[in-house]
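Inside the fold
Chain residues, written in single-letter form:
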Amino acid sequence: MIAKLLKLQPNKSLTSEEAKRAPLAIEGLSVSYHHKPVVWDLSFVAPEKGLVAVVGPNGAGKSTFIKAALGLIPKLSGEITVYGKPVDQQRKLIGYVPQRGSVDWDFPASALDVVTMGLYGKVGWLRPIRKSHKQEALSYLDKVGMADFADRQIGQLSGGQQQRVFLARALAQDALLYFMDEPFVGVDAATERAIINVLKKLKDQGKTVICVHHDLQSAPDYFDHALILNVRPVASGPMAETFTSENLQRAYGGRLAPSELSGLVAMASE
Amino acid sequence: MLHDLFEILSFQSGYNTNVVLLGSGLLGTAGGVVGVFSLLRKRALISDAISHATLPGITLGFLVALALTGTGKSLPFLMIGSTLSGILGVLLVQWIKDNTRLPEDSAIGTVLSSFFGLGVVLMSYIQNLKSGSQAGLESYLLGSTASMLQSEAEMIAFSALAITILAILFMKEFGLVCFDPEYAASRGWAVSKIDLLMMALLLAVVVIGLKTVGLILIIALVIIPPVAARFWTDRLGLMVSISAFTGGLSCYLGAALSALTPDLPSGATIVLTATSIFTLSLLFAPKRGIVAVALRQLSFRLKITRRRALLSLDKGPASLTLLPSLLLRREGVINSSGELTSQGKKVVSLMAHDQALWNQYLSDYPEEAFAQNKWSLVMITDVLSFDLIKELENSISGQNLSAGQNLVSGPLKDIS
């Protein structure tokens, strides 16, 4: 078992062929907040396509990991490449769905306005937004079942609808690699279905989604790979191999009851 | 008096006054446009730090000009001085925020008062000099368009126009960074550069506005127009336009009022004009104004009261409280002794049927019903399609057949 765990964190160099092809390759990433390490020596290579759940207890550094991978917060050490090149050169290939609570929803913008922001890169500096851009944005709102709400001020939407607007904005970029920060938190059933549909489509199109996920119960259903984190990486790989009771126990410690553990592992190995 | 005001407002009182009015109007427009973005970036108070931080710069600029040119009131020197010390103030706020545990508002308060204190000391030093030209310096505190030179007014007009055009050109980028800076960074936008440009435009508005509005009140120029505009619209583009208009109008009217009464500092008349527009917006804006909100609340209460009263009458004779019985009597549903009229019976059964359909909708399509914000507030036939209502009716009668007894069977029989 120990040998297997060690094998899950191999000392892959970012110059290897696998790392160059990988949508995301991370070597020795460490991040701290206020003199406290939050992510410690994380190495991870994302699968070439598929849905990766990033799971771990509260304060395990899941969101920090995503933000550091995106280059949004400074890192203490580590190398990050996206398809073999530094993140900054590959921004066009990356889509990001931040946590819903990260913005002011009273902002004077409609659902369509927010989705149009996903096209700003295409529009370019100082260029005005044209009707065709609005049309395109509307088609992405339609993909998450929100076309009827295009003109609604974003604060007038329910939490799940706001989440779908964020999702549509990320889709509008037409990226290859998506980062999502807890998209399922506090959403209604319709939104949950809409997000799952989008995830499936992205997977079918051969894209990679790296998604912070809170709910261990649903993780094996929705995702096919997992990265289990607790400040340090605990395990990563295909869901069935990764969601073992040893790994979850190591990440969550006493926070999971034994009965919960066995149930989760049974779900993952199905 | 009114005649004089009209003459001033219609640009009939001399070239100098006209240029001052135009410059003030453009300054207000620039403040309104730039203010929207500092408000949305949650940076409204930083403009107060900037403006107060300019005072030491103004006084030092005066002293340098006095030493070099013999007269202190040289606008370029004063502007360079105020710009530099404004920048220093902002940097200091940023430094305190980054390097201590103080929150931004405490940092702003500390920097603002310290710089202002220093400026006041330097100013009283200048007042005691025997140079003779120090008289105009205090106009930078509360603003004075009366003492403004034509060349100053022209410079203000051109700079304000340039600031406005720049801010509108960058509206898309500014909006993106104000709404979601982290997302903007993830897409590779130069967030810190965009932020810097927003800050530079804010600083520019403050510096060119010192003479007109004065450093104590200039914060009003970048806060009041955008918050007034927010009452009228939910769209960024419109908010920028309304805020620009509000700011421009306030400065134009305020400067005209000040020209009429030269003893009043123009800063005060401008701010009070802006405040009037703000108060009107607060009260009477169509959707977010206080009156509109209160009316909406009242109409909601009346609708609910009426519906609940009709539904309770459907279950048999009910004793209604004062408000619903008044409502229904006026409508002719009940007569003066509280009994249902023949027309009232129809209304009651129609309402019961409507409620039954809404209830069925809620159980058959819970999510759609939840998203439908008119649920049980209007007649269902006004909102849902005919086919869907037919389906709901079938589903109700289907339940009646299987369950035999059902709460909604009564009104349905009445209808059929």
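Residues numbered from 1 in each chain as written. Chains lettered and ligands numbered in written order. Predicted model: local features only at pLDDT ≥ 70, side-chain atom pairs only at ≥ 80, totals over all residues. Heavy atoms only, no water.

1. Concerning the overall build of chain B
Tallying secondary structure elements over chain B gives 19 helices and 0 strands in all. In summary, chain B has a C-alpha radius of gyration of 31 Å against a globular reference of 22 Å for 416 residues, an excess of more than 25%. With respect to the principal axes defined by its C-alpha atoms, chain B has extents near 100 × 55 × 35 Å. Counting all 416 residues of chain B, 48% fall into the buried class. Taking all contacts inside chain B whose residues are at least 6 apart in sequence as the whole, residues at least 24 apart take part in 67%. When the accessible surface of chain B is summed, it comes to about 20100 Å², and 67% of that surface belongs to carbon and sulfur atoms. In chain B, 29 side chains carry a positive charge and 27 a negative one; their mean positions are 4 Å apart. (Helix = DSSP H or I, 4+ residues; strand = E, 2+ residues; numbered from the N terminus. Rg over C-alpha atoms; globule rule 2.2 N^0.38 Å. Buried < 20%, exposed > 50% of the residue type's maximum accessible area, 1.4 Å probe, protein only. Contact = heavy atoms within 4.5 Å. Areas by Shrake-Rupley, 256 points an atom, 1.4 Å probe, with all protein chains shown as cover. Lys, Arg positive; Asp, Glu negative; His and termini not counted. Charge placed at Lys NZ, Arg CZ, Asp CG, Glu CD.)

2. With respect to the packing of helix 3 (residues 46-69) of chain B against helix 4 (residues 75-99) of chain B
Residues and elements named next belong to chain B. Across the interface, helix 3 lies against helix 4 with an axial gap of 6 Å and an inter-helix angle of 140 degrees. If you check the angle between helix 3 and helix 4, you find them oblique. In the crossing of helix 3 with helix 4, the sense of the turn from one axis to the other is right-handed. Class assignment for the residues of the contact of helix 3 with helix 4 results in 14 nonpolar, 9 polar and no charged. (Axes fitted to C-alpha atoms, helices over the stretch in contact; angles between N-to-C directions. Parallel < 35°, antiparallel > 145°, perpendicular 65-115°, else oblique. Left-handed = near helix turned anticlockwise from the far one by under 90°. Nonpolar A, V, L, I, M, F, W, Y, C, P; charged D, E, K, R; others polar.)

3. Re the environment of Phe-300 of chain B
If you trace the backbone, Phe-300 of chain B turns up in helix 14 (residues 290-314). Separated by 153 residues in sequence, Phe-300 of chain B and Ser-147 of chain B have C-alpha atoms that sit 55 Å apart.

4. Points about the sheet that holds strand 1 (residues 25-33) of chain A
Residue and element names in this part refer to chain A. The strand order 2-1-4-5 describes an open sheet built from 4 strands, whose pairing is antiparallel. The outermost strands of the open sheet, each flanked by one partner alone, are strand 2 (36-45) and strand 5 (85-86). As paired strands, strand 1 and strand 4 (residues 77-82) are joined by 4 bridges and run antiparallel to one another. Looking across to strand 4, one finds that Ile-26 is bridged to Ile-80. Set on the sheet, helix 3 (residues 62-69) makes contact with strand 1, strand 2 and strand 4; between it and strand 1 the angle comes to about 120 degrees. (Pairing = 2+ DSSP bridges.)

5. Examining the nonpolar core
One finds Leu-141, Met-180, Phe-223, Phe-243 and Leu-248 of chain A to be the most contacted residues of the largest nonpolar core, which totals 138 residues. The leading source of residues in this core is helix 10 (residues 191-213) of chain B, at 13 residues. (Core = buried A, V, L, I, M, F, W, Y, C linked by side-chain atoms within 4.5 Å.)

6. What to know about the packing of aromatic side chains
Centre-to-centre distance and the angle between the planes together describe a pair of aromatic rings. All told, the structure shown has 15 aromatic pairs over all chains when counted by the stated rule. Aromatic side chains Trp-105 of chain A and Phe-179 of chain B sit 6.2 Å apart centroid to centroid with 80 degrees between the ring planes, which places their arrangement in the edge-to-face category. Placement of Trp-105 of chain A in the loop between strand 6 (94-97) and helix 4 (111-117) and of Phe-179 of chain B in helix 8 (residues 171-179) is noted, with the two residues assigned to different chains. Residue Trp-105 of chain A is classed as buried on the basis of its relative accessible area, which comes to 12%. (Phe/Tyr/Trp six-rings, centres within 6.5 Å; stacked < 30°, edge-to-face > 60°.)

7. What to know about the pattern of salt bridges
All names here are of chain A. Scanning the model with the defined rule gives 21 salt bridges over all chains in all. Across the pair Arg-91 and Asp-88 runs a salt bridge whose closest N-O atoms are separated by 2.9 Å. The shortest N-O distance in the salt bridge between Lys-134 and Asp-113 comes to 3.2 Å. Of the two residues, Lys-134 sits in helix 6 (residues 131-143) while Asp-113 sits in helix 4, which places them 21 residues apart along the sequence. Asp-113 sits in the buried class, given a relative accessible area of 16%. (Salt bridge = Lys/Arg side-chain N within 4 Å of Asp/Glu carboxyl O.)

8. So, the environment of Leu-176 of chain A
Residue and element names in this part refer to chain A. Mapped onto the secondary structure, Leu-176 falls in the loop between helix 7 (159-171) and strand 7 (177-181). Judged by its relative accessible area of 34%, Leu-176 falls in the partly exposed class. When the C-alpha positions of Leu-176 and Val-209 are compared, they lie 8.5 Å apart, and in sequence the two are 33 residues distant.

9. Overview of the confidence of the model for chain A
Regions with low pLDDT carry predicted coordinates that are not meant to be interpreted in detail. Summarising the model, chain A shows a mean pLDDT of 88, and 93% of its residues fall at 70 or more. Within chain A, the lowest mean pLDDT, 45, falls on helix 1 (residues 2-8) of chain A, and the highest, 97, falls on helix 4 of chain A. (pLDDT = per-residue confidence, 0-100.)

10. Details of the interface of chain A and chain B
Listed by partner, the interface residues are 39 residues for chain A and 28 residues for chain B. Counting the surface lost from both chain A and chain B, the interface buries some 3000 Å², and carbon and sulfur atoms represent 60% of this. Remark: the boundary between chain A and chain B carries 7 salt bridges. Its salt-bridge partner being Asp-106 of chain A, residue Arg-288 of chain B comes within 3.4 Å of it at the nearest N-O pair. Our count for the contact surface shared by chain A and chain B stands at 14 residue pairs in polar contact (both at pLDDT 80 or more). Every element with two or more residues in the side of chain A that touches chain B is listed here: strand 6, helix 4, helix 5 (120-123), helix 7 and helix 8 (189-204) of chain A. Each residue belonging to the side of chain A that touches chain B can be placed in one class, and the counts come to 21 nonpolar, 7 polar and 11 charged. (Buried area = accessible area lost by both parts, 1.4 Å probe. Polar contact = N/O pair within 3.5 Å; in protein donor to acceptor, adjacent residues only side chain to side chain.)

11. Structural notes on helix 7 of chain A
All names here are of chain A. Under the 1.5 Å per step criterion, the end-to-end length of helix 7 is 19 Å for 13 residues, consistent within 8% with the ideal 18 Å. Burial runs high along helix 7: 12 of the 13 residues are buried. For helix 7, the complete set of buried residues consists of Gly-160, Gln-161, Gln-162, Gln-163, Arg-164, Val-165, Phe-166, Leu-167, Ala-168, Arg-169, Ala-170 and Leu-171. (Expected span 1.5 Å × (residues − 1).)

12. Quick word on the domain arrangement of chain B
The domain architecture assigned to chain B consists of domain 1 (2-288) and domain 2 (292-415). Each of domain 1 of chain B and domain 2 of chain B was reduced to a C-alpha centroid, and the two centroids are 56 Å apart. (Domains from an automatic or database assignment.)

13. Digging into the packing of helix 2 (residues 15-40) of chain B against helix 7 (residues 150-169) of chain B
When two helices pack together, their arrangement is captured by the angle between the axes and the distance separating the axes. Residues and elements named next belong to chain B. For the pair helix 2 and helix 7, interaxial distance at closest approach is 8 Å and the crossing angle is 30 degrees. Classed by the angle they form, the pair helix 2 and helix 7 counts as roughly parallel. Judged by the sense of rotation from one axis to the other, the crossing of helix 2 with helix 7 is left-handed. Contact with helix 2, carried on its side by Tyr-15, Asn-16, Val-19, Val-20, Gly-23, Leu-26, Leu-27, Thr-29, Ala-30, Val-33, Val-34 and Phe-37, involves Gln-150, Ala-153, Glu-154, Ile-156, Ala-157, Ala-160, Leu-161, Ile-163, Thr-164, Ala-167 and Ile-168 of helix 7 and no other residues of that element. Of the residues in the contact of helix 2 with helix 7, the class split is 17 nonpolar, 5 polar and 1 charged.

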